[in-house]
Amino acid sequence: MESVRAAARLLADADAERVVVFTGAGMSAESGIPTFRDSLTGLWARFSPEELATPEAFEKDPELVWSWYEWRRAAVEQAAPNAGHEAVAAIGGTLITQNVDDLHERAGSPDPVHLHGSLFAPRCFACGLATDGPVCAACGGRSRPGVVWFGEQLPAGALKRAVEAASTCDLLITVGTSGLVYPAAEIPHVAAMNGAAVVQVNPQPTPLDEVATVNLRGTAATLLPAILKEAAILRRP
Ligand code: NAD
Ligand code: ZN
């Protein structure tokens, strides 16, 4: 495919240190983890994420919110990284993810920037410190899932690292994100504004189409390994 070649050319020519990969829920779809825009199934079909993923929902019914996250965590534990996660690990550079799963780490990406937190790092609802039981050892507050909820600020350190990497990269590859959830969706715009090329991998149109230098309609697990393979061929002297 013509545009796989164009994306591979950009990757082959880029300094690996100056490549950013930016991922969203679509990255893990082929591992069997549903995206938010897929409606909730089974037990949870009568809820929407907006009803569960907010500080207000947690205040009102912490058991309900915890059980939803426990269910999601169990689903992630049973899933395995897909060929797309593996390609992302091989690309290297800086990985910025909106995903709260650990599939990137399990595929070998050592230190992803988790813009929206993690299912595996609970913290205190009162003071924010990491917790490892139902209550906070520091202040006695209740433990909450370590993810960013609707209406909450992104973790400052993660956002800083993400903006720094995006503003100094030569190439940003955005994968499986709808580009609708802000401020995370700023990241590809920051890269484009600073002159980086932007490659998008998504089977559907998104608002990021307008910043994409190369726009690939297809899935993470098929296109990312194809780009990587082609880039290796182009790099050969
Ligand atoms: P989103 O649900 O808004 O969008 C998913 C995007 O992925 C869509 O544009 C869709 O077309 C695309 N997509 C679907 N299948 C794909 C595939 N196989 N390959 C490539 N792309 C594919 O997700 P978002 O943009 O990440 O934003 C929603 C929020 O939901 C995020 O904040 C994220 O933290 C959270 N979330 C995380 C997970 C997870 O950790 N796995 C799962 C669901 C939601
Ligand atoms: Zn506390």
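Q: Got a minute to help me understand the coordination of the zinc ion (ligand 2) in this structure?
A: In an ideal octahedron of six donors the angles at the metal are 90 or 180 degrees, and in an ideal tetrahedron of four donors they are 109.5 degrees. Taken together, the protein donors to the zinc ion (ligand 2) comprise Cys124 (SG), Cys127 (SG), Cys136 (SG) and Cys139 (SG), at separations of 2.3 to 2.4 Å. For the zinc ion (ligand 2), the 4 donor atoms in the first shell make angles of 98 to 120° at the metal, a pattern classed as tetrahedral. Donor residues binding the zinc ion (ligand 2) come from one chain and are separated in sequence as C-x2-C-x8-C-x2-C. Judged by relative accessible area, Cys127 falls into the partly exposed class, the value being 40%.

Q: Can you walk me through the packing of helix α7 (residues 156-168) against helix α8 (residues 186-193) in this structure?
A: Helix-helix packing: each pair is described by the crossing angle between the helix axes and the interaxial distance. Axis separation between α7 and α8 bottoms out at 7 Å; the angle between their running directions is 35°. Where α7 crosses over α8, the handedness of that crossing is right-handed. Residues Ala162, Val163, Ala166 and Ser167 of α7 touch α8, and the partners they reach there are Ile187, Val190 and Ala191. Considering only residue class, the contact of α7 with α8 consists of 6 nonpolar, 1 polar and no charged.

Q: I tried to follow helix α5 (residues 83-91) on my own but got confused; where do I start?
A: In an α-helix, one turn spans 3.6 residues; hence positions three or four apart end up facing the same way. If you check which residues of α5 are buried, you get Gly84, His85, Ala87, Val88 and Ile91. Projection of α5 onto a plane perpendicular to its axis shows the buried side chains occupying an angular sector of 160°, all on one side. Buried residues along α5 sit in contact with α1 (2-13), β1 (19-23), β2 (94-97), α6 (103-106), β6 (171-175) and α9 (220-235). Between the side-chain oxygen at the start of α5 and the backbone nitrogen of Gly84 there is a gap of 2.7 Å, and the oxygen is on Asn82. With its phi angle positive at about 75°, Gly92 sits one or two positions after the end of α5.

Q: Before we go on, may I ask you to explain the side chain of Gln200 in this structure?
A: If you trace the backbone, Gln200 turns up in strand β7 (residues 197-201). One polar contact links Gln200 to Thr206, side chain to side chain, over a distance of 2.8 Å. In this view, Gln200 contacts Thr174, Thr206, Leu208, Asp209, Ala212, Val214, Asn215, Leu216 and Arg217; residues no more than four positions away in its chain are not counted.

Q: Quick question: what am I supposed to make of unusual backbone geometry here?
A: Here the bond from Tyr182 into Pro183 is cis, since omega is 5°, no more than 30 degrees from zero. Summarising the element assignment, Pro183 is placed in the loop between β6 and α8.

Q: Help me out: how do you make sense of the pairing of β7 in this one?
A: The two faces of a sheet get side chains in turn, since along a regular strand they alternate between them. Burial within β7 is extensive, with 5 of its 5 residues counted as buried. Here β7 shows a buried face lined by Ala197, Val199 and Val201 and a second buried face lined by Val198 and Gln200. Pairing geometry for β6 and β7, over 5 bridges, is parallel. Opposite Val175, over in β7, you have Val201 as the bridge partner.

Q: Got a minute to help me understand the nonpolar core in this structure?
A: The nonpolar side chains of a soluble globular protein tend to be buried with one another. Among the nonpolar cores identified, the biggest contains 26 residues, and Leu11, Leu171, Ile173, Val175, Leu216, Leu224 and Ile227 are the most heavily contacted of them. Contributing elements (two or more residues each) for this core: α1, β1, α5, β6, β7, β8 (214-216) and α9. With sequence-adjacent residues up to four places away left out, Leu11 is seen in contact with Val19, Ile91, Leu171, Ile173, Ile227, Leu228, Ala231 and Arg235. Core analysis: the next-biggest nonpolar cluster, separate from the first, contains 21 residues, Val113, Leu115, Cys169 and Ala196 among them.

Q: What is the right way to look at the environment of Gln98 in this model?
A: Note on placement: Gln98 falls in the loop between β2 and α6. A sequence separation of 83 residues divides Gln98 from Val181, and the C-alpha atoms of the two residues are 9.4 Å apart. Among all residues touching Gln98, those that are not within four sequence positions of it are Phe22, Thr23, Gly24, His116, Thr177, Val181 and Ala184. A polar contact is formed between the side chain of Gln98 and the side chain of Thr177, at a distance of 2.9 Å.

The rules behind the values
- Residues numbered from 1 in each chain as written.
- Chains lettered and ligands numbered in written order.
- Predicted model: local features only at pLDDT ≥ 70, side-chain atom pairs only at ≥ 80, totals over all residues.
- Heavy atoms only, no water.
- Donors = N, O, S within 2.8 Å, 3.2 Å for Na, K, Ca; no water.
- Tetrahedral: all angles 85-135°; square planar, octahedral: opposite > 155°, others 65-115°.
- Buried < 20%, exposed > 50% of the residue type's maximum accessible area, 1.4 Å probe, protein only.
- Axes fitted to C-alpha atoms, helices over the stretch in contact; angles between N-to-C directions.
- Helix = DSSP H or I, 4+ residues; strand = E, 2+ residues; numbered from the N terminus.
- Left-handed = near helix turned anticlockwise from the far one by under 90°.
- Contact = heavy atoms within 4.5 Å.
- Nonpolar A, V, L, I, M, F, W, Y, C, P; charged D, E, K, R; others polar.
- Arc of directions from axis to C-beta.
- Polar contact = N/O pair within 3.5 Å; in protein donor to acceptor, adjacent residues only side chain to side chain.
- Pairing = 2+ DSSP bridges.
- Core = buried A, V, L, I, M, F, W, Y, C linked by side-chain atoms within 4.5 Å.

Purely geometric stuff here, so don't read any function into it on its own.
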